[in-house]
Amino acid sequence: MSTQGQFPGAAGESERTRRLRSLGLNEPTADEAFDRFAHLAASITRAPIAMVNFINDERQMFRGLYIPPTSSDSAADGSSSWADRGIAFDLPTREMPLSHGFCPHVVAQRSPLALDDILAYPRFAGNPVVDELGVRSYLGAPLVDDTSTVIGTVCVLDREPRQWGRERLRDIQHLAEALLSEIRLRDNLLAQQQEMFAAFDGSPFPIILTDGPGQEIRYANAQHADVFGVPAAYGSVGQAYPQLAAAGLQQAVAEAFHTGRTTVLNEVRIQSVRPDAQRSRQVFSFTCSPMRAPRTGQVSGVVTVGMDVTAQSRTEEELGTLAALLVDRLQQNGAAPGRQRLGAGETSPVLPG
């Protein structure tokens, strides 16, 4: 594959963070598939709490999380919940600083870590999660992908000391291997999407594909780069295109993502970056259509298609039809959001929800 036009990640960014970005795993958003996997990890190891944790240069992101049910969620058979037995676990968000917990140690060491009683290990006893969350035991295994990059961990923990033993250690390692097989399958599906995006490169309409609530640009076709400029790698709509954000496009993309409904931004005047532009400003209309993950149906990204209506009588219906066709084709190919492609450059894989 050609590497012409490929854009590197941010300066100083680690290979792990670049890999997470390319897989679409660089946000602390919930993923139902990973949540189910965390629940499985808790069941197999008989631990009350489990996580599928991806770690970048700045934070830990619990895309998969299983926490014991609260008292109100107690089993119908009358059995007590973990909270009833004093094992409350207060984790208000799905992210945590790198200074907290033990998964960063697993990633750094590239090897499993078993702590039967954290207080027995001076190196770990002062970790903030011991006092803040009452964690007393931990078992985790690294997720090492096909590029030999450690992208995160599968881990379980308890608020009581645990004798994990060799059997539980093997269990957590097998779970990590199973999860990597799932990620590998998704990654292989992404390889099939390169030809599809190559077709979009030839479209006469500006097209961008954004991922997640942060509106990270995963793909911009050649026409979009020609008219509005080449976006920086992984930049958001607002960061990459201040002129489009000022015209209302950032808000329109956000509305499509959060509501799950197509939004239209009609006839806004925007400065083109073309050096030979005949007009100081051109009039564009944009249709922002939500993309849904094929497995969960959750909105995972937004496809935005623009039309130059300066000297044309394009209708909103015509623009909407084109956008709907693009979204349909993407979702039929399992792209949610798909492979990242910046300008006319090389592609990198993105996890499809």
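Thresholds, definitions, all that
Residues numbered from 1 in each chain as written. Predicted model: local features only at pLDDT ≥ 70, side-chain atom pairs only at ≥ 80, totals over all residues. Heavy atoms only, no water. Pairing = 2+ DSSP bridges. Helix = DSSP H or I, 4+ residues; strand = E, 2+ residues; numbered from the N terminus. Axes fitted to C-alpha atoms, helices over the stretch in contact; angles between N-to-C directions. Contact = heavy atoms within 4.5 Å. Buried < 20%, exposed > 50% of the residue type's maximum accessible area, 1.4 Å probe, protein only. Salt bridge = Lys/Arg side-chain N within 4 Å of Asp/Glu carboxyl O. Arc of directions from axis to C-beta.

Chemist: What am I meant to see in the sheet that holds strand β2 (residues 59-66) here?
Modeler: Note: strands within a sheet are paired through backbone hydrogen bonds, in either parallel or antiparallel orientation. Strand order across the open sheet formed by six strands is β3-β2-β1-β6-β5-β4, with antiparallel pairing between neighbours. Edge strands, defined here as strands with exactly one partner in the open sheet, are β3 (95-97) and β4 (113-115). Strand after strand, the sheet turns through a mean of 25 degrees between neighbouring axes, direction not considered. Where β4 lies against strand β5 (residues 137-144), three bridges are found, and the strand directions are antiparallel. The residue of β5 that forms the bridge with Leu-115 is Tyr-138. Helix α1 (residues 15-23) contacts β1 (49-55), β2 and β6 (150-158) of the sheet and is inclined by roughly 90 degrees relative to β6. Where helix α2 (residues 32-45) meets the sheet, its contacts fall on β1, β2 and β6, and the angle it forms with β2 comes to roughly 70 degrees.

Chemist: I tried to follow the pairing of β1 on my own but got confused; where do I start?
Modeler: For a regular strand, side chains alternate in direction, first toward one face of the sheet and then toward the other. Within β1, seven of the seven residues are buried, which leaves the element mostly enclosed by the surrounding structure. Burial along β1 is two-sided: Ile-49, Met-51, Asn-53 and Ile-55 facing one way and Ala-50, Val-52 and Phe-54 facing the other are all buried. Pairing analysis gives six bridges linking β1 to β6, with the strands arranged antiparallel. In the sheet register, Ala-50 faces β6, and the bridge partner there is Val-156. Across six bridges, the pairing between β1 and β2 is antiparallel. Bridging from a neighbouring strand, Ala-50 pairs with Tyr-66 of β2. Where β1 folds back on β2, the antiparallel hairpin that results is connected by three residues.

Chemist: Sorry if this is basic, but what is going on with the pattern of salt bridges here?
Modeler: Any two side chains of opposite charge can pair, so long as their charged atoms come close to each other. In the structure shown here, the tally under the stated rule is 14 salt bridges. Across the salt bridge formed by Arg-94 and Asp-35, the nearest N and O atoms sit 3.0 Å from each other. Taken together, the residues span a long stretch of sequence, with Arg-94 in the loop between β2 and β3 and Asp-35 in helix α2 at a distance of 59 residues. Its salt-bridge partner being Arg-218, residue Asp-211 comes within 3.9 Å of it at the nearest N-O pair.

Chemist: Please clarify how the environment of Asp-35 should be interpreted in this entry.
Modeler: Distance from Asp-35 to Tyr-66, taken between C-alpha atoms, is 6.3 Å for residues 31 residues apart in sequence. Sequence-distant contacts of Asp-35, that is, excluding residues within four places in its chain, are made with Ala-30, Arg-63, Gly-64, Leu-65 and Arg-94.

Chemist: Whenever I open this one, helix α11 (residues 249-259) confuses me. Can you help?
Modeler: It helps to recall that an α-helix has 3.6 residues per turn; residues three or four apart then point in one direction. For α11, the full list of buried residues reads Leu-249, Ala-252, Val-253, Ala-256 and Phe-257. One side of α11 holds all its buried residues, which, seen down the axis, span an arc of 135 degrees. Across α11 from its buried face, at more than 90 degrees, point the exposed residues Gln-251 and His-258. Residues of α11 that are buried in the fold lie against β7 (207-211), α9 (237-240), α10 (242-246), β9 (263-270), β10 (282-292) and β11 (299-308). Where α11 terminates, the next one or two residues include Gly-260, which has phi positive at roughly 75 degrees.

Chemist: Could you clarify how one ought to interpret unusual backbone geometry in this entry?
Modeler: Note: most peptide bonds trans; most residues except glycine with negative phi. Positioned with a positive phi, Arg-46 is a non-glycine residue whose angle comes to about 55 degrees. Mapped onto the secondary structure, Arg-46 falls in the loop between α2 and β1. Classification of Arg-46 as exposed rests on a relative accessible area of 63%. Of note, the phi angle at Gln-215 is positive, near 60 degrees, even though the residue is not glycine. Looking at Gln-215, the relative accessible area reads 6%, which means it is buried.

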